[in-house]
Amino acid sequence: MPPVIEARELKKIYGSTLAVDGIQFSVRKGEIFGFLGPNGAGKTTTMKMITCVSPRTSGTLQVLGRDPDRDPAAIKARLGIVPQETNLDPDFTCHGNLVTYAGYFDIPHEKAAKKADELLEFVQLQDKRDVAIDKLSGGMKRRLILARALVNAPDLLILDEPTIGLDPQARHLIWERLRLLQAQGNTVVLTTHYLDEAARLCDRLVIMDNGRILVEGSPADLVKQYVGDEIVEVEKSIEILACLKETGMGFELFGDTIQIVTDSARDVARILFENCQPKKLITRQATLEDVFLKLAGRSLKE
Ligand code: ADP
C-alpha cells in the first residue's frame, strides 16, 4: 500500500531561517504518526507544508498520492485539520460552527446539520449544541475543532498540538477520541511537545530538533534502543561518585544527578544502598525525554 504521506529532503526556509532542514519520513495508512520536538523544531512548518498552507522551498512531498504544490484543492478536500490556534467562529453556536464549515466542502445543508449532530455526539458536546463558543472551556473548544476537522469525513487527520494548554482530564478525552478514530481506520498525524502524549498515542514518531529529524521509530523501540529499560537516579556527591567507580557500574552525569541505565533498577538500587549510602535515590522507567536528552544534549522542556 502506498504511504499516506511521503517526504524526501523536504526543506523550508523563511528569509534567513532554515525552519525545516531536508527531512525524510513516510506515514502509513491507519497509523498514528507523531512529530515530537521542542518549540521551534519545525513541526508546525512541516504541518503547513503537508496541509498546503505553505509551499516547500525544496524537496519532494506527496500527500494522499498528490503534490501539495500542484493539487492543493484535491488534497485539502480529503484532509481534516486541527490547527494549533483556536479559530472557531464566535458568531455561531457549536452546531452552527460545524454546519458553516461543512459549507466549504459543498455539503448540502440538511446533510451537514445531521452530520454536525453526529459529530457533536462523537466529541461528547451534544449538550452544548446551541451554546455560543465563548461559553466553552478550553478542552471543549479543542473537541469542537476536532469535530469540525471530521466534517468532510477526511482520509487523513492532521493535528498541530492537539492538547496544548489543556488539563489532564481534557487531554485524556481527546486522546481517547483519537484512538477511537484510529480504530475506525483513520490515519492520524500530530505534532506535540508533550512526551507523554507522544508515548501514549503514537505508533511511530520522529523526534525533531532545529529543523532536522533526529530519530524515527515506535516510542518503546526508541527508548530501548537509545537509552535502555530502567533508570536509577542519585544525587551527585564526591562520595557517591567514588563509590560508583568502585562498583564498576557505568553512569552518566546530568547536572546534579547521576544516572545509571539498567535492566533492573531494583538490583542497582540494592547495590547502591548496600555500598554507597546514597542520600536520595529514585528508580523509574526510561522515557522519550531520556532519548531526547541523549540525542539533543538538553531537556525537551528547556
Ligand atoms: P515548532 O512547531 O516545532 O514549534 P515552527 O515550525 O513553528 O516550530 O518553527 C520553526 C522555525 O521557523 C522557528 O525558528 C520559527 O521561528 C521559524 N518560523 C516559523 N514560521 C515562520 C514564519 N512565518 N516566518 C519566519 N520564521 C518562521
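Residues numbered from 1 in each chain as written. Predicted model: local features only at pLDDT ≥ 70, side-chain atom pairs only at ≥ 80, totals over all residues. Heavy atoms only, no water.

> How do you make sense of the overall build of the protein when you look at a structure like this?
The number of helices and strands found in the protein is 11 helices and 13 strands. If one aligns the C-alpha atoms of the protein with their principal axes, the spans along those axes are about 75 × 45 × 35 Å. Within the protein, the proportion of its 302 residues that are buried is 49%. Counted over contacts in the protein with a minimum sequence separation of 6, partners at least 24 positions apart contribute 66%. If you sum the accessible surface of the protein, you get close to 14900 Å²; carbon and sulfur atoms cover 49% of it. When the 39 positive and 43 negative side-chain charges of the protein are each reduced to one mean point, those points stand 3 Å apart. (Helix = DSSP H or I, 4+ residues; strand = E, 2+ residues; numbered from the N terminus. Buried < 20%, exposed > 50% of the residue type's maximum accessible area, 1.4 Å probe, protein only. Contact = heavy atoms within 4.5 Å. Areas by Shrake-Rupley, 256 points an atom, 1.4 Å probe, with all protein chains shown as cover. Lys, Arg positive; Asp, Glu negative; His and termini not counted. Charge placed at Lys NZ, Arg CZ, Asp CG, Glu CD.)

> Whenever I open this one, the state of the cysteines confuses me. Can you help?
Disulfides are covalent bonds that link the sulfur atoms of two cysteine residues. The final tally for this structure, using the stated rule, is 1 disulfide. There is a disulfide in this structure between Cys 243 and Cys 276, and the S-S distance comes to 1.9 Å. For the disulfide bridge between Cys 243 and Cys 276, the dihedral angle about the S-S bond is near -75°, and by the sign convention the bridge is left-handed. Highlighted residues: Cys 243 in helix H9 (residues 238-247) and Cys 276 in the loop between helix H10 (265-275) and strand E13 (281-285), separated in sequence by 33 residues. (Disulfide = S-S within 2.5 Å.)

> Honestly, the environment of Lys 115 in this entry has me stumped. Any pointers?
With respect to the element layout, Lys 115 can be found in helix H4 (residues 109-122). In contact with Lys 115, other than residues within four places in its own chain, are Leu 150, Val 151 and Ala 153.

> For this particular structure, what's the right way to read the sheet that holds strand E10 (residues 230-235)?
Paired through backbone hydrogen bonds, the strands of a sheet run either parallel or antiparallel to each other. Read across the sheet, 4 strands follow the order E11-E12-E10-E13 without closing on themselves; strand pairing throughout is antiparallel. Every interior strand has two partners, whereas the edge strands, strand E11 (252-254) and E13, have only one. Going across the sheet, the axis of each strand differs from the next one's by a mean of 30°, ignoring polarity. Across 3 bridges, E11 lies against strand E12 (residues 257-262) in antiparallel orientation. Across the sheet, residue Leu 253 finds its bridge partner in E12, namely Ile 258. (Pairing = 2+ DSSP bridges. Axes fitted to C-alpha atoms, helices over the stretch in contact; angles between N-to-C directions.)

> In this structure, what is going on with the sheet that holds strand E9 (residues 212-217)? I would like to understand it.
Here we have 6 strands laid out as an open sheet, ordered E5-E6-E7-E3-E8-E9, and mixed in their pairing. Lying at the two open borders of the sheet, with one neighbouring strand each, are strand E5 (79-82) and E9. This sheet shows a mean twist of 15° between the axes of neighbouring strands, independent of strand direction. Sheet topology places E5 next to strand E6 (residues 156-160); 4 bridges connect them, and they run parallel. Bridged to Val 82 within E6 is Leu 159. Its contacts with the sheet place helix H5 (residues 138-149) against E5 and E6, and it is angled at close to 165° to E5. Its contacts with the sheet put helix H11 (residues 288-296) on strand E3 (32-36), strand E8 (204-209) and E9, and the angle it makes with E8 is roughly 40°.

> Hey, could you run me through the packing of helix H3 (residues 94-103) against H5 in this one?
Angle between the axes and distance between the axes are the two parameters that describe a pair of packed helices. Interhelical geometry of H3 versus H5 gives an angle of 30° and a closest axis separation of 9 Å. Taken together, H3 and H5 sit at an angle that is classed as roughly parallel. Between H3 and H5 the crossing geometry is right-handed. Contacts between H3 and H5 pair Cys 94, Leu 98 and Tyr 101 from the former with Leu 144, Ala 147 and Arg 148 from the latter. Residue classes in the contact of H3 with H5 are distributed as 5 nonpolar, no polar and 1 charged. (Parallel < 35°, antiparallel > 145°, perpendicular 65-115°, else oblique. Left-handed = near helix turned anticlockwise from the far one by under 90°. Nonpolar A, V, L, I, M, F, W, Y, C, P; charged D, E, K, R; others polar.)

> Looking at this model, I keep getting lost on the domain arrangement of the protein. Mind explaining?
Many structure descriptions define interface size as the accessible area lost when the parts assemble. When the domains of the protein are assigned, the result is domain 1 (5-218) and domain 2 (229-285). Put simply, the middle of domain 1 and the middle of domain 2, counted by C-alpha atoms, are 42 Å apart. (Domains from an automatic or database assignment.)

> Looking at this structure, how should I read the pairing of E12?
If a strand is regular, its side chains alternate between the two faces of the sheet. Pairing geometry for E10 and E12, over 6 bridges, is antiparallel. For Glu 235, the partnering residue across the bridge sits in E12 and is Thr 257. Connecting the antiparallel pair E11 and E12 is a turn made up of 2 residues, with Gly 255 showing a positive phi of about 60°.

> Whenever I open this one, the site of the ligand confuses me. Can you help?
Around the ligand lies a shell formed by Tyr 14, Thr 17, Ala 19, Pro 38, Asn 39, Gly 40, Ala 41, Gly 42, Lys 43, Thr 44 and Thr 45. Contacts to the ligand include Gly 40, whose backbone N or O atom sits 2.7 Å from an oxygen atom. Thr 45 places a side-chain nitrogen or oxygen 2.5 Å from an oxygen atom of the ligand. Here the ligand has 560 Å² of accessible area as a free molecule, and 60% of this is covered by the chains. Sort the elements by how many residues they give to the shell around the ligand and helix H1 (residues 43-50) lands first, with 3 residues. For the shell around the ligand, the per-class residue count stands at 4 nonpolar, 6 polar and 1 charged. (Near = heavy atom within 4 Å. Polar contact = N/O pair within 3.5 Å; in protein donor to acceptor, adjacent residues only side chain to side chain.)

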